[in-house]
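Summary of structural features
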Amino acid sequence: MIRVLIADDQAMVRTGFGMIIEAQADMEVVGEAADGVTAVELARALRPDVVLLDIRMPRLDGLEALRLLAGPGVADPMRVVVVTTFDLDEYVHTALSNGACGFLLKDSGPALLVEAVRAAVSGDALISPSITVRLLEHLSPPAPAHDDAGLSPRELDVVKLVARGLTNAEIASRLFIAVGTVKTHLASVQMKLPARNRVEIAAWAWERRLVG
């Protein structure tokens, strides 16, 4: 079973997300939190497979809660998917820096929510085009064109498709290679950048304007 913790200050949102998660045969809700402090406490106590985390919450905002659960320096970072109404550039930038492995708008629908949870568990983080393609391209000024971090041409091909939100299977199909080869390339890319997940790889690509 995929164990999910839901953190949102709106009871109706928690209930709605909970119904979607519980409707899946292989998922269960192990806890709910209405504020950031409780979210961190429950996450550390329950160690869920995925935390669905809102940004604006009382006592401790979601971005700070994210940093405590998955940010730099966390010994055993959790898989956190940010689910928010607010698609502001600075929020996404901070969430990337704090270790988010996915982004989703609350009105994206049940199917995308479930997909985001599954992606987080598999390490194939969902990067929702509805927010990240628009936002990541404005994260920061372009880096020098020659700054390719030593990536090979094929690794750069994979990185560009990751930045477009494609899954490993879709990348494999597009490049006519095996899914296992895609995973090998991504492992190499993560070592070279360095990046901890697909979201950070995508951010690196957009910051360098590798995706038109």
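Burial of nonpolar side chains together is a common tendency in soluble globular proteins. By size, the foremost hydrophobic cluster in this structure holds 27 residues, and its most contacted members are V51, L53, L66, V80, V82, A95 and F103. Among the secondary structure elements, those contributing two or more residues to this core are β1 (2–7), α2 (36–46), β3 (50–53), α3 (62–70), β4 (80–84), α4 (89–97) and α10 (198–207). Per-element tally for this core: the top contributor is α3, with five residues. Setting aside chain neighbours within four positions, we find V80 in contact with V51, L53, L66, L69, A70, A100, C101 and G102.

The five strands are arranged β2-β1-β3-β4-β5 in an open sheet whose pairing can be described as parallel. What marks the edges here is a single partner per strand, and that holds for β2 (27–33) and β5 (103–105). Strand-to-strand twist across the sheet, computed as the mean angle between neighbouring axes with direction ignored, equals 25°. As paired strands, β1 and β3 are joined by four bridges and run parallel to one another. Along β3, the bridge assignment pairs I6 with L52. Docked against the sheet, α2 engages β1, β2 and β3, running at close to 140° with respect to β2.

Note that side chains of opposite charge can pair when their charged atoms are close. Tallying each qualifying case throughout the model produces nine salt bridges. D26 serves as the salt-bridge partner of R118, at 2.6 Å between the closest nitrogen and oxygen. With R118 in helix α5 (residues 110–122) and D26 in the loop between α1 (11–22) and β2, this pair connects stretches of sequence that are 92 residues apart. One salt bridge connects D54 with K106, and the closest N-O pair in it is separated by 3.4 Å. With D54 in the loop between β3 and α3 and K106 in the loop between β5 and α5, this pair connects stretches of sequence that are 52 residues apart.

Cut-off values and rules
- Residues numbered from 1 in each chain as written.
- Predicted model: local features only at pLDDT ≥ 70, side-chain atom pairs only at ≥ 80, totals over all residues.
- Heavy atoms only, no water.
- Core = buried A, V, L, I, M, F, W, Y, C linked by side-chain atoms within 4.5 Å.
- Buried < 20%, exposed > 50% of the residue type's maximum accessible area, 1.4 Å probe, protein only.
- Helix = DSSP H or I, 4+ residues; strand = E, 2+ residues; numbered from the N terminus.
- Contact = heavy atoms within 4.5 Å.
- Pairing = 2+ DSSP bridges.
- Axes fitted to C-alpha atoms, helices over the stretch in contact; angles between N-to-C directions.
- Salt bridge = Lys/Arg side-chain N within 4 Å of Asp/Glu carboxyl O.

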